[in-house]
Structures are given as C-alpha cells and as structure tokens.
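# Architecture and fold: a report
Residues per chain, in single letters:
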Amino acid sequence: MAASHGAGQPQNDGCRSLSLSGHVGVDSLPEQLVNKSIKQGFCFNILCIGETGIGKSTLIDSLFNTSFDDPVSTHFQPNVRLRAQTYELQESNVRLKLTIVSTVGFGDQIKKEESYQPIVDYIDAQFEAYLQEELKIKRSLHSYHDTRIHVCLYFISPTGHSLKSLDLLTMKSLDSKVNIIPIIGKADSVSKTELQKFKVKLMSELVSNGVQIYQFPTDDETVSEINAIMNGHLPFAVVGSTEEVKVENKMVKARQYPWGIVQVEDENHCDFVKLREMLICTNMEDLREQTHAQHYELYRRCRLEEMGFRDTGPENKPVSLQEAYEAKRHEFYIEMQRKEEEMRQVFVQRVKEKEAILKEAEQEIQAKFEHLKRLHQEERLKLEKNRRVLEDEMAMFIKKKAAAELLQTQALVSTPVNFKKDKDRKKDQGFRLELLCFDVRDEQTVNVHGQTLRNTDDRRSKR
Amino acid sequence: MFKGPVESKNEAAMSELVPEPRQKPAVPMKPMGINANLLGYIGIDTIIEQMRKKTMKTGFDFNIMVVGQSGLGKSTLVNTLFKSQVSRKSSGWNREEKIPKTVEIKAIGHVIEEGGVKMKLTVIDTPGFGDQINNENCWEPIEKYINEQYEKFLKEEVNIARKKRIPDTRVHCCLYFISPTGHSLRPLDLEFMKHLSKVVNIIPVIAKADTMTLEEKTEFKQRVRKELEVNGIEFYPQKEFDEDLEDKTENDKIRESMPFAVVGSDKEYQVNGKRVLGRKTPWGIIEVENLTHCEFALLRDFVIRTHLQDLKEVTHNIHYETYRAKRLNDNGGLPPMTVETEENHESNL
C-alpha cells in the first residue's frame, strides 16, 4: 500500500506508477468507451474504383450479404462520375452507417486523361467538408456524419498480364489521399497458376512505380501474424455473387458454369473470405484511424499552408494564434476593399455607358416627336381650310335658300294651301334632309350634296 | 463445402456482454465447424473488439481537481478513491506544512495500471482555498488554471502540424468538498460553484460524513440540493446534457442521491473476518465501503466505473467547445476558407 518511491518525486509529468491496494475499477474504461461508441453508431465509407462491368456492385452485395440495388450502367458515359449511396446496417447492437461510392463510366472513354480527376476531387471534397466543420466557431464534431473515404477498393482487370497505365496513373494520384486495397475482379477467369504469376507481377509493378498501397498493420501481436500473411496475398483475387446454388445440401453463394461451380466463400476458389476478414473483421478501425490521423492531417496541413497559415513567423519565431489571425484578417480586409473599389469602378463605367445610350435614344425620340408634331400641324391647317370652304358653301347655300323661299312665297300666293304645305313640307323635308346629311367631309361628297340640292332646286324652279 | 467465418467469431460477439476486456481470439484459417446461421453474419460487430484493443493500447487520461477548505479530508478521499497514496501529502509533504497565503494549484501525475488498462491520472490540489480571513475571489486562480488548460489544448489543436494525440490536461472533474455543518451551504460554496459550474463538471461531496446521523444526512442533502437549484447551479450530471430517456432515468436517480456523503480512509481493519478500509472510533468501526455507513462506494462507482468516459466527453464536447467558441469570437474569429464568399465572412466574424 505504501508508495514504493522515496522523496524527491517530480511534481509534474514525471509520473510515478501507483501500486493499487485494491480494485479501483479502471479496467472498466474500455467498456465505457465502447458503450458510448455503440450509442453513437459507426460510420464506414468505401470507394470502389473499377471499369464498368468488373463486378463492383456484385462484390459489395456479397460482402454485406444484402442487395443494395445499384442500377447497371452503360458503357457510353461521356465522363467519369461518382455515385454515392448510404445504408444503415445493424448487427447485434452495432449500428453501421455504410456509404458506398462507385465510379460510373471509369475507363470507358476514348480519352482517359481526365478519368481520375473526378475521383480525386471527390475525396478532397469530403476532407474539405470535414475541415470546414472543424474550423467553424460553433461546431458539433461529435455528431458530424463523417463522409471521408476510409478505404478504396481498386479493381484490376483480370487480364493476367500486368497493370494498365490508367490503373497506375489513378493509383499514383490517390495513394497519398486514401487507403488503397487493390483487388483483382472477376478472378474466376484467371487460372490458378496464371493467378500467382499475375499477382507477383502486379505487386512488383506497384512497388517499382512507388505506389503506396495500404498495408495491414503488424504492430499488435494478436493480429500481426494474420495481417502479415494477408499482406503477402495482396492483391486479393475475388469473385462476387448474389445468386445461391445448391452444393452438397447447402445453399451457397456461387457462380454456376457448365464445367463446375465457383463458390465465393471457398478459400480455394477465391480470396473473398480473406478480403472480408481483413476489411471488416480485423482492420476496420485501423482503416478509419489511418484516414483520420494520416490522410486527413496531410490534407489539412496542405490546405492551411495554402491559405497562408504558418506555425512560425517570417523569422522562424513561433507566431501566436492571435497574431496569425490578425494578420490574415487584415490581409483579407484589404483584399475586400480592393475588390469593392474594383466593383465600384466597373459600376461607374457601366452607368456612364448606359447614360450615353439613353441620351441618344432620347434625342431620337425627340426628333420623331417634332416630326409628328409637324405632320399634325399640317393636317390641322388642311382641315381648317376645308372647314372654311364648307362654311362658305353653307353660307352661300343659305343665301340661295332664302332667295328661293322668297320666290316660293311669291309664287304661293296663287296656289292652294295644301300644296303650299306640301311644298313647304317637301322643302322643309328637303331642307331637313340636307341638314342631316351635312357634315364636314371631303369636298367631293359635299359637292355631291350641293349638286343634288341644286338639282332639286332646279327641278322645282322648272316646275 | 461451406467455409466461412466460424464459431470464434460468435465468441467474440458474446464477449461484449461480459464487462471485462478479453483478448480477441486468433482468426482460424481452417474451418472448425459449420454453422448455417452464419450465412447472414458479416462481422460488423467485431469493430467493437477492434476499438477496445486500440484504446487499451493508447491508454486513458484523467484529470481530477479537488477543492475545499483545509482539513476536510480531501487528500484522504483521493487516496481512498484510487486505493493508493496519490495525494501530495504522501509524496513528500508533511502535515505541518504551512497553509499557503493564496490559493495555489498543484498538479501531480500518476500512472495506474489495472487489468491491462493504463490510465494517466492527474490530481490537481488547491491548497489555500477558503482558508484566509478574506476569501474574496479565491476561485479566480482556479478558474484561471482551468481556462489555461483549455487554451493549451486549443493552441495544439489549431497548429498546422498537429501531434497525433494532443496531450489532454483539461480538468475533467472537480470534486467540491462541502463542510458537514448540517445547516446549509456557505456563501463561499455558492460563489465558487456559481462561477465554476459553467466551465467544468462539478461534483459536490459532503466531507467527513461520519459526523452526521442518517436523518441529519438526508435533511442536509435535501437542503443543499434545494439551495443549488435556487441559485441556478447545475452540478454534474447536468440535466441539459442528458441524451436520451435511458440516460435521463439513470442520471435522475444519481442526481437524487447527490451530493454524496463520504468518508475516506486509507487504513485497514479486521471486521467480520474481512479486511476493510475504515476509521476506528471508540464507538465502532466506520466501514468506508459499506453502503449503510457512507456513500463512498457510490461516489467511486459513479466517478470511475460508470461515468468517467462521460465526464471526459462532456468536458471535451461542451465545456471546451464553449471556451473555444468564446475565444474565437472575441478574437475576430478565423478567417474564412474561401475569400470570395461574403456569407462565410459574416458567420465567422
């Protein structure tokens, strides 16, 4: 019970070991941690890269014993896209949020230089999203849905010869961003002997080109042996199948050929079981940790340096947080002012231009207006003239009428009253008629009327 | 012939039910039996084993602070909690040491290993608290210390090249010792807890509980709880951080029995043929770990065996985040990632 150390103990991190005299309960700590994690649930994100038709979806279906319903894609995609889908799986009390990201159209184009870029962009985008969340002032990291890719399954075509140049190029650009596990798809088309040679060739090519693939960790004694053996089996030659075939009274996942049945879970037939072991049962946590501690940190470092942050100032002195932020903020502020100024200039310029255009339009319209006014004026004068002419004619006619009436009354003295009345009526009617028809129109029509009335006059006078 | 993941996996799955760390059995390469159920088994739950192994390798950190006036039995209690000579009194100091004139903060680190689990325990003592004639603002050095630890962590976190594991010196738990007057809380107690309950998890304990009878104990506890509630002081486990119904019911039970009335001792006596930790008095032996005598066992189970991880998480996810947000806001915030978008500018400044 007594402390097994004498005096002169440092009072800081030169910690001394305590010897316990009874059960404290510290050994329940891993359990507490695990319980908390179970409550929160786990996240795992797999990226599958491979040519169309190499068996990505089938393999994933076989790995997780479910059919994820991925639509089959054609070979005629114009460029490479990525399709991500998230599923919630539960086994005993463990909830797993599994995200499967697959390439669509990889290797189908005629020009393949840009094939790997969308993939790199996607991986970077997930890192970026996490970084943004981490840099927020009010953040909630513990409830953040982690979408960073934890493992990349790279499907190699079972040609039996060597890696394609597209494969090399893609893997080289991804190896510092994600854990790559290369696998040989549709491995039932390669014979056993060819397979061995193929694997050796692939690994040597990867090594000679400096591609860093994921090595299963060998530092923990319980799994180091297994992991070391598995490391020697890379790349895994896999066969996937979701169909079940009856073999010896058992339904197994297999592919049926006329010459035999390839069983997915038979270790002699393919490395599917090894892949599942390594990927899920042994190293899932390690994959997640590597992604966070290594790949993400690298990304973060590069990104922050890009943004101009430094841990040390220009004379290599450590810069405090405050100074760095102040400097950055000041810089940003100046930049913003400059941009504002620029925008203002552009705005002023545009305004000037618009004003000029509008002025021109104004002048045009003004000219038109003048023109129209003039026309209008001319019309009015014309019409005035017509009116005067008509008025003159009216006056003349009234005089004539008066004269005619005078003659009528003189003639009527010796005629019967009815007749006079008739004549008057007639005359009146005629007069009235004329009045009704009298309007300010063309001279022609007026003349016509004038003509008819002179005619009736003449007729009457003739009578 | 069906070969697949086999029985040992089932064992691994069941080991979680037994609350003891177990080594994961080695993966067999040859089939050891055929189990048709396993057609549907994938192995996702093995992640628990993987996680457990990893944490056992990396070990845990825990920083506990004890605050209270001299002579309340702080050092003895800490020694009893961790069943060893932890406190500064046993590492080279003696009881005749003068009481300091101001509050000092002394942190001592220890390593505890039990059942394969390594824990780095730091006990932070605050001699001089509440011992002066004028105790105004004696919580300030303590608050300053706690904030300094947050600051240290923040500085490490925003570095460009970060360490793999940032050393955690933040105070996870603060045990506040209440004097067993039997009446009510002192103004100093209230002031301290009011100031500090927002920055750290406070667990109030009633010290030297063997001076109170059972009825006095229950009454005192009720009064203390009432006073804390009236003053708006939330001690750990805080009501607002209960995550779900299960948590709430469990924590409600604990809250009802807090503050724990404890007795500490590092001496062993023979009682009923067993050796137990206790205090010998003329009228009997007070057994520290006997629930009918005092609530030490409850406190120990609560702090170490069930809620240690939660204490750390509340400190990290809530207290630390609050400090960080305040700090970044005061400082003008981090410049936004993309220079073009105005909205980022708004939200971060």
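Below you will find a few notes about this structure. (Residues numbered from 1 in each chain as written. Chains lettered and ligands numbered in written order. Predicted model: local features only at pLDDT ≥ 70, side-chain atom pairs only at ≥ 80, totals over all residues. Heavy atoms only, no water.)

With the rule as written, the count across this model stands at 16 aromatic pairs over all chains. Judged by centre distance (4.9 Å) and plane angle (85 degrees), the rings of Tyr130(A) and Tyr296(A) are edge-to-face. Of the two residues, Tyr130(A) sits in helix H3 (residues 117–135) while Tyr296(A) sits in helix H8 (residues 284–306), which places them 166 residues apart along the sequence. Take Tyr130(A): its relative accessible area is 10%, and that puts it in the buried class. Assessed through its relative accessible area of 0%, Tyr296(A) is described here as buried. With a centroid separation of 6.3 Å and an interplanar angle of 55 degrees, the aromatic rings of Tyr150(B) and Tyr320(B) are classed as tilted. Taken together, the residues span a long stretch of sequence, with Tyr150(B) in helix H4 (residues 140–157) and Tyr320(B) in helix H9 (residues 308–330) at a distance of 170 residues. No difference in accessibility class separates Tyr150(B) from Tyr320(B), as the two residues are buried. For the cation-ring pair, Arg170(B) lies above Tyr320(B), with the distance from its terminal atom to the ring centre recorded as 4.9 Å. (Phe/Tyr/Trp six-rings, centres within 6.5 Å; stacked < 30°, edge-to-face > 60°. Helix = DSSP H or I, 4+ residues; strand = E, 2+ residues; numbered from the N terminus. Buried < 20%, exposed > 50% of the residue type's maximum accessible area, 1.4 Å probe, protein only. Lys NZ or Arg CZ within 6 Å of the ring centre and 35° of its normal.)

What the seven strands build is an open sheet, ordered S1(A)-S2(B)-S3(B)-S1(B)-S4(B)-S5(B)-S6(B); its pairing is mixed. Looking at which strands have only one partner, the edges of the open sheet turn out to be strand S1 (16–17) of chain A together with strand S6 (260–261) of chain B. As defined by bridge partners, strand S1 (residues 60–67) of chain B adjoins strand S4 (residues 173–178) of chain B across four bridges and the pair is classed as parallel. Residue pairing across strands places Val66(B) opposite Leu175(B), the latter belonging to S4(B). This element, H4(B), spans S1, strand S2 (106–114) and strand S3 (117–125) of chain B of the sheet and lies at about 170 degrees to S1(B). In the packing of helix H5 (residues 187–196) of chain B onto the sheet, the strands contacted are S1, S4 and strand S5 (202–206) of chain B, and the crossing angle to S4(B) comes to about 165 degrees. (Pairing = 2+ DSSP bridges. Contact = heavy atoms within 4.5 Å. Axes fitted to C-alpha atoms, helices over the stretch in contact; angles between N-to-C directions.)

A word on the pairing of strand S8 (residues 274–281) of chain B. All names here are of chain B. Pairing geometry for strand S7 (residues 268–271) and S8, over four bridges, is antiparallel. Considered in S8, the bridge of Glu-268 is made with Leu-277. From the end of S7 to the start of S8, which pair antiparallel, there are two residues, and Asn-272 there has a positive phi angle of about 50 degrees. Here S8 pairs with strand S9 (residues 284–287) via four bridges, running antiparallel. When the sheet's bridge partners are listed, Thr-281 is paired in S9 with Gly-284. Hairpin connection, S8 to S9: the antiparallel pair is bridged by two residues.

Of all hydrophobic cores here, the largest spans 86 residues; its most connected members are Ile46(A), Phe64(A), Leu153(A), Ile181(A), Ile183(A), Phe236(A) and Leu279(A). Counting 83 residues, the second largest nonpolar core, distinct from the first, contains Leu77(B), Met119(B), Leu190(B) and Val224(B). (Core = buried A, V, L, I, M, F, W, Y, C linked by side-chain atoms within 4.5 Å.)

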